[in-house]
Amino acid sequence: MFDLILQATYSGLLSGGSYALIALGLALVFGTMRVINLAHGEFVLLAAYIAYTVESQMGWNPLLALPISVVVVCITAAIVYLLVTRLDKNREMNSLILTFGLGVILTNLVLFIWKADIHSTSVGWFQEAVVLGPLYSMRSELLFFITSVVMVAILWVWLDKSWYGRAVRAVSSNRDAAKLMGINPHVTELISFLIAGILASFSGVALYCASVIQPALGNALTIKAFIITILAGIGSIPGVLIGAVLLGVSEALTITLLSSALQELTGMLLLLFVLLALPNGLFGRAGRRG
Amino acid sequence: MKIRFLLPVLAVVYLAIPYLWGGNNYVMSLLVAAFIIAGVALAWALLANLGGMVSFGHSAFFGVGAYLSALLCINYRLPVLAGILMGGIGAAVASIAMLPALRLRGPYFALAVLAYANIFKILAMEFKGITEGAAGVTNIPALPTVMGFDFSSKLGTYLVIVTIVLLFTGSYHLIRVSHYGAALKAMHDSEDATRVVGVNSTLLKAMMLFVSAFMTGVVGAVNAHYINFIDPDYAFDLGWTLLPMVAVVFGGYRTLMGPLVGAVGIFMLDQLVFKALIGTGHQIMLGAVLAVMVLFSPDGLVPLIGDKWKRIRRAQA
């Protein structure tokens, strides 16, 4: 029993790491623009399907799809950004409806191009087991986790040290003050959207290597990313990482101890608990939401 | 809605349409489906317009209403009409589970509700003992025959759903002109200022959520008794949120007629044009309509046309 729980915690840790990569893009855009991009899960989905196409059509390793998917997803992200900036009235609400609509368009585009079949990688290397003492995982899962941790670390350093990174943080903490300091908020917002696109491309390709993909997945990914953002509280990168791991571990424990069908329920209950008990999230700044 | 508009509307809905197409089952089934969307759209618009809340979770209320009514009528032999009423009440009770989300504002609320909607779908899947799980509930009793008139026919169901939608429209209007409506309108401008003058804004929002959930549950229940079969994927389908939302954004959510006109319009477009042209993935057009409307006319088509009309009238005068 103990072994099982240990193994579940380990698997949960790994999948939590991969959730973090997805959630971070959502959190970053929300931080700078106060816009929740409901099409974010579809960005990930798009990248995953590009990886599938590269593998099935050209016979290459799906990892080689990364440059193509970065370009395609970033272009998509830029289009979404340009459309969102066109909203003038009541942007908070209307951007939700707009990005929801764009998400529906992307999901159905994927459905239209690639049909509703479920796909996963046929490269055997990814599925081989990695044994760490008593713990097992697939190579792809470990790879996804490491990629995620590395990307999060890079992003953290970038936000902390580089000029544009600091501009992003400045805009998210006080837009008007940032403007007065000579920061162009539009450029900053576009950059945060593009970074979200890059993160989504990495997650999408990794998702295809580690798991199965289908068109309906986009929405579920967005919800997961949102739950993590709530868990983390706004404006905290380590919060996103820990919130993601928390979600991953509790999902894995639910699967092991109860039933795999209740997996999604865990996230919702966690969300409910945080909303009721810790309205600012685990690591968020104090203040009202919205 | 003013009285001089009401009479012609009633005449068209209750006399002209049944007279012209009452025998045509295809037209009638399209209209029934359109008015089911219109009912949900109205409930959604009520929450958005009066409560200021965009909900991505109305499929939860729709499904709860459908399941509760179907199961009560099958297992406890409840009359269908009582079942439908219970479906609405059940959906309102289910919305109590969403009350913690009222502490959230704007996008947070919208997404928390989207997450809640998934909980209900999972519950319907997993509590197989009660809901039959993924296999779904079959042989749901049809609408009854009253005084020799068969309400389970296409025409009968049409009359039932139209009556319900009109009753809802009336209630929406009454809420809007009541002092609750005034308080809600004030809340829309500044929630803090409204709190200061002694309005319990959370309570008011909760009441709007109950009303909206009740309406959606009733419509879901009617639909269940109309098609006689439900399963979790169908009853809790995100489409029950998407289509009404598109309808409301299309028609305009500030007006009473907007959601109704939008629902009938968008449903007919989707069924007759988009499905025929595209087939699989025809929802892409719904997404596109949603995006285009929000970008170019966020208040919807009905106010837009209304403005044009007024301008033409003024030019003529």
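Here goes a summary of the coordinates provided. (Residues numbered from 1 in each chain as written. Chains lettered and ligands numbered in written order. Predicted model: local features only at pLDDT ≥ 70, side-chain atom pairs only at ≥ 80, totals over all residues.)

Scanning chain B from N- to C-terminus turns up 15 helices and two strands. Scaling as 2.2 N^0.38, a compact globule of 317 residues should have a C-alpha radius of gyration of about 20 Å, and chain B matches this with 20 Å. Taken over the C-alpha atoms alone, chain B extends approximately 55 × 50 × 40 Å along its principal axes. Out of the 317 residues belonging to chain B, those deemed buried represent 49%. Contacts spanning at least 24 positions in sequence make up 75% of the contacts within chain B whose residues lie at least 6 apart. (Helix = DSSP H or I, 4+ residues; strand = E, 2+ residues; numbered from the N terminus. Rg over C-alpha atoms; globule rule 2.2 N^0.38 Å. Buried ≥ 20, exposed ≤ 12 C-beta atoms within 10 Å, placed from the backbone. Contact = placed C-beta atoms within 7 Å.)

Time to look at the overall build of chain A. Looking only at helices and strands, chain A has 12 helices and two strands in total. Its helices and strands in sequence order give chain A the pattern α-α-α-α-α-β-β-α-α-α-α-α-α-α, from N to C terminus. The C-alpha radius of gyration of chain A comes to 19 Å, within 12% of the 19 Å expected for a compact globule of 290 residues. The dimensions of chain A, computed from C-alpha atoms along their principal axes, are 55 × 45 × 35 Å. Within the span of chain A, comprising 290 residues, buried residues form 50% of the whole.

Here we come to the pairing of strand β1 (residues 129-132) of chain A. Residue and element names in this part refer to chain A. Across four bridges, β1 lies against strand β2 (residues 135-138) in antiparallel orientation. Bridge assignment links L132 to a residue of β2, and that residue is L135. Linking β1 to β2, which pair antiparallel, is a turn of two residues; within it G133 sits at a positive phi near 60 degrees. (Pairing = 2+ DSSP bridges.)

This part takes up the interface of chain A and chain B. Listed by partner, the interface residues are 36 residues for chain A and 34 residues for chain B. The set of elements that each furnish at least two residues to the side of chain A that touches chain B consists of α3 (66-86), α4 (91-114), α10 (217-232) and α12 (263-277) of chain A. By residue number, the principal contributor to the side of chain A that touches chain B is α4 of chain A, which donates 15 residues. Split into classes, the residues belonging to the side of chain A that touches chain B amount to 26 nonpolar, five polar and five charged. (Nonpolar A, V, L, I, M, F, W, Y, C, P; charged D, E, K, R; others polar.)

Quick look at the environment of F61 of chain B now. Looking at the secondary structure, you find F61 of chain B in helix α3 (residues 58-75). Not counting residues within four places of it along the chain, the set of residues in contact with F61 of chain B comprises A91, A94, S95, A213, T216, G217 and G220 of chain B.

Let us now look at helix α9 (residues 185-210) of chain A. The end-to-end C-alpha distance of α9 of chain A, which contains 26 residues, comes to 37 Å, matching closely the 38 Å that a straight helix rising 1.5 Å per residue would cover. Of all 26 residues in α9 of chain A, 20 are buried; the element is thus mostly enclosed. (Expected span 1.5 Å × (residues − 1).)

This paragraph deals with unusual backbone geometry. Residue and element names in this part refer to chain B. Positive phi is not limited to glycine here, since R77 has a value of about 55 degrees. When the 9 C-beta atoms within 10 Å are taken as the criterion, R77 is described as exposed. Backbone geometry places N228, a non-glycine residue, at a positive phi of 65 degrees. When you line up the elements, N228 lands in the loop between α10 (201-227) and α11 (232-235).

Here we come to the environment of A263 of chain B. All names here are of chain B. As for its position among the elements, A263 is in helix α13 (residues 257-278). The sequence separation of A263 and M187 amounts to 76 residues, and the corresponding C-alpha distance is 27 Å. Not counting residues within four places of it along the chain, the set of residues in contact with A263 comprises A34, I37, A38, A41, P244 and A247.

Here we come to the nonpolar core. Counting 202 residues, the largest nonpolar core has A23 and A48 of chain A together with L42, A112 and V246 of chain B as the members making the most contacts within it. For this core, the element with the most residues is helix α2 (residues 25-49) of chain B, which contributes 17 residues. (Core = buried A, V, L, I, M, F, W, Y, C linked by C-beta atoms within 7 Å.)

Let us now look at α13 of chain B. All names here are of chain B. Here α13 contains 22 residues, and its C-alpha end-to-end distance of 29 Å stays within 8% of the 32 Å for a straight helix at 1.5 Å per residue. In the structure, α13 departs most strongly from a straight axis at D270, where the bend amounts to approximately 35 degrees. Of the residues making up α13, those classed as buried are G258, P259, L260, V261, G262, A263, I266, F267 and D270. Of the residues flanking the end of α13, it is G279, one or two places downstream, whose phi is positive at about 75 degrees. (Bend = angle between axes of the 7 residues up to and from the residue.)

Residue and element names in this part refer to chain A. Two elements in contact, helix α1 (residues 2-33) and α9, have axes whose closest approach is 9 Å; the angle formed by their N-to-C orientations is 170 degrees. Considered as vectors, α1 and α9 are oriented roughly antiparallel to each other. Where α1 crosses over α9, the handedness of that crossing is left-handed. Contact residues: S18, L21, I22, L24, G25, L28, V29, T32 and M33 in α1; T188, E189, S192, F193, I195, A196, L199, A200, F202, S203 and A206 in α9. Here the residues of the contact of α1 with α9 are counted per class, giving 13 nonpolar, six polar and one charged. (Axes fitted to C-alpha atoms, helices over the stretch in contact; angles between N-to-C directions. Parallel < 35°, antiparallel > 145°, perpendicular 65-115°, else oblique. Left-handed = near helix turned anticlockwise from the far one by under 90°.)

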